[in-house]
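In case you want the letters, here they are:
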Amino acid sequence: MLLTRVNGQELVIMAIGERIKFIRNLRGMTQKYLGIAIGFDEKTADIRMAQYESGTRTPKEKLVTGLANALEVSPKALDVPEIDSHIGLIHTLFAIEDLYGLKINSIDGELCLTLDKTKTTTYLSMFDMFNAWQHEAEKLKRGEITKEGYDDWRYNYPRIEAERIKAQLDARRAEKNAKPTE
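Residues numbered from 1 in each chain as written. Predicted model: local features only at pLDDT ≥ 70, side-chain atom pairs only at ≥ 80, totals over all residues. Heavy atoms only, no water.

Right, let's talk about the overall build of the chain for a bit. Along its length, the chain carries nine helices and four strands. Counted from the first residue to the last, the chain has its helices and strands arranged as β-β-α-α-α-α-α-α-β-β-α-α-α. Sorting the 182 residues of the chain into buried and exposed places 27% on the buried side. Just so you have it, the chain exposes about 12800 Å², and 56% of that area is on carbon and sulfur atoms. (Helix = DSSP H or I, 4+ residues; strand = E, 2+ residues; numbered from the N terminus. Buried < 20%, exposed > 50% of the residue type's maximum accessible area, 1.4 Å probe, protein only. Areas by Shrake-Rupley, 256 points an atom, 1.4 Å probe, with all protein chains shown as cover.)

Bringing helix H3 (residues 45-54) into the picture now. For H3, the set of buried residues is Ala45, Met49, Tyr52 and Glu53. Taken end-on, H3 shows its buried residues confined to a sector of 95°, consistent with a single buried face. Packing partners of the buried residues in H3 comprise helix H1 (16-26), helix H2 (31-37) and helix H4 (61-71). Gly55 sits one or two residues past H3 and shows a positive phi near 90°. (Arc of directions from axis to C-beta. Contact = heavy atoms within 4.5 Å.)

Our focus in this paragraph is unusual backbone geometry. Along the chain, Tyr157 connects to Pro158 via a cis peptide bond; the corresponding omega equals 10°. Tracing the backbone shows Pro158 in the loop between helix H8 (147-155) and helix H9 (159-178). Positive phi outside glycine occurs at Glu72, with the angle close to 60°. Within the secondary structure layout, Glu72 lies in the loop between H4 and helix H5 (75-78). Classification of Glu72 as exposed rests on a relative accessible area of 55%. The backbone of Asp108 sits at a positive phi, close to 50°, despite the residue not being glycine. Mapped onto the elements of the fold, Asp108 is located in the loop between strand E3 (102-107) and strand E4 (110-115). Judged by relative accessible area, which is 77%, Asp108 ranks as exposed.

Attention shifts here to the pattern of salt bridges. Scanning all chains against the criterion turns up 13 salt bridges. For Glu138, the salt bridge is made with Lys141, and the minimal N-O distance between the two is 3.2 Å. On the criterion of helical spacing, the pair formed by Glu138 and Lys141 is a turn pair, its members being three residues apart in helix H7 (residues 120-141). Take Glu138: its relative accessible area is 24%, and that puts it in the partly exposed class. On the basis of relative accessibility, which here comes to 66%, the residue Lys141 falls in the exposed class. One network of salt bridges, with partners in common, ties together Glu136, Lys139, Glu161 and Arg164. (Salt bridge = Lys/Arg side-chain N within 4 Å of Asp/Glu carboxyl O.)

Turning next to the pairing of E4. One ladder, built from six bridges, connects E3 with E4; its direction is antiparallel. Across the sheet, the residue bridging to Ile104 is Leu113, located in E4. In textbook terms, the turn of a hairpin is the stretch between consecutive antiparallel strands, and for E3 and E4 this stretch comprises two residues, one of which, Asp108, has a positive phi near 50°. (Pairing = 2+ DSSP bridges.)

What follows concerns H1. Those residues of H1 lying buried are Gly17, Glu18, Arg19, Ile20, Ile23 and Arg24. In the stretch just after H1, Gly28 is the one whose phi turns positive, near 75°.

Moving on: the nonpolar core. The biggest cluster of nonpolar side chains holds 19 residues, and the ones touching the most others in it are Leu34, Ile38, Leu67, Val73 and Leu78. Those elements that provide at least two residues to this core are H1, H3, H4 and H5. Sort the elements by how many residues they give to this core and H4 lands first, with six residues. Once residues within four sequence positions are removed from consideration, Leu67 is found in contact with Ile20, Leu34, Ile38, Met49, Pro59 and Leu78. (Core = buried A, V, L, I, M, F, W, Y, C linked by side-chain atoms within 4.5 Å.)

Structural data, given as structure tokens:
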């Protein structure tokens, strides 16, 4: 974790190495095990992983893909956009406003983020993604899934969601094909 000061305020910065470490620990893997799983020599696997996790070394895209595969997550789950500080986060949100129509609003005195319906294509796509996220978060709240299941969904989005939709469509097709025709 890196610390920086902006306007006299100390801010915490999470780097890709910390994401690797976080998800590795979530999966119950040692540094050595993960290093070997991505093809590092057994003698140096733990040292190499420690270097990536500490930020001494930064993994290239191909290695990030290998790490993601070994950790069974999307490479995007390891990629940390510029949200490492409050200032970085707000500018990321500003960029999302420009690109995707995300808007800051107030509902019943609470600040919230909403989607701009006038950006039709973007709105529909973002709505579907936010809706899927909210659905999974509600399942977690109701105890229908574990925190691990929720994290698995988040760290593998959109693959898991696409697989679910395909399974639902396949089930509907099978049901339709099983009905006798008159």
